[in-house]
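The residues making up each chain are set out below.
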Amino acid sequence: MFDSDAAYKRIGRLWRKLGGLYEAQAYSLAERDLPDRAMKCARMAEVCFWQATGEGDPVTMSDLVPKALGEGQ
């Protein structure tokens, strides 16, 4: 049976993986002297890592996707 504890663990793993991808991209962009783009990725990594801990403010996909794509900025 898939229960809330299993879902919590899987979602935490997913947030950590996604955060790691954003973190790596932020380093890559910073090394290529693209600080604005690096900062956007760093912010996304921070959100993902806090979501992985369960201690961050809850977010929805609509909170993340426009920010990740740079819309409205």
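Relevant structure appears above.
Given the structure is predicted, the values throughout are model-derived calculations rather than measurements. (Residues numbered from 1 in each chain as written. Predicted model: local features only at pLDDT ≥ 70, side-chain atom pairs only at ≥ 80, totals over all residues. Heavy atoms only, no water.)

Moving on, we come to unusual backbone geometry. In this structure, Asp33 is a non-glycine residue whose phi angle is positive, near 60°. Counting through the fold element by element, Asp33 comes out in the loop between helix 1 (4–31) and helix 2 (35–53). (Helix = DSSP H or I, 4+ residues; strand = E, 2+ residues; numbered from the N terminus.)

So, on to the side chain of Gln51. Positionally, Gln51 belongs in helix 2. If near-sequence neighbours (up to four positions away) are discounted, Gln51 is found in contact with Trp15, Gly56, Asp57, Pro58 and Val59. (Contact = heavy atoms within 4.5 Å.)

Relative orientation of the contacting elements helix 1 and helix 2 amounts to 160°, with a least axis distance of 7 Å. What the angle tells us is that helix 1 and helix 2 run roughly antiparallel. Between helix 1 and helix 2 lies a crossing whose hand is left-handed. (Axes fitted to C-alpha atoms, helices over the stretch in contact; angles between N-to-C directions. Parallel < 35°, antiparallel > 145°, perpendicular 65-115°, else oblique. Left-handed = near helix turned anticlockwise from the far one by under 90°.)

This part is about helix 2. With 19 residues, helix 2 ought to run about 27 Å at 1.5 Å a step, and its terminal C-alpha atoms sit 27 Å apart, in line with that. Of the residues making up helix 2, those classed as buried are Ala38, Cys41, Met44, Ala45, Cys48, Gln51 and Ala52. End-on, the buried residues of helix 2 take up no more than an arc of 145°, which puts them together on one face. For helix 2, the exposed residues lying more than 90 degrees away from the buried face are Pro35 and Asp36. The positive-phi residue at the C-terminal boundary of helix 2 is Gly54, with phi of around 80°. (Expected span 1.5 Å × (residues − 1). Buried < 20%, exposed > 50% of the residue type's maximum accessible area, 1.4 Å probe, protein only. Arc of directions from axis to C-beta.)

Our next topic: helix 1. The end-to-end C-alpha separation of helix 1 is 40 Å, in line with the 40 Å expected for 28 residues at 1.5 Å each. Inspection of helix 1 places Gly12, Trp15, Gly19, Tyr22, Ala26 and Leu29 among the buried residues, and these make up the whole buried set. Among the residues of helix 1, the N-terminal cap falls to Asp3, whose side-chain oxygen and the backbone nitrogen of Asp5 are separated by 3.3 Å. Just beyond helix 1, the residue with positive phi is Asp33, at close to 60°. (Polar contact = N/O pair within 3.5 Å; in protein donor to acceptor, adjacent residues only side chain to side chain.)

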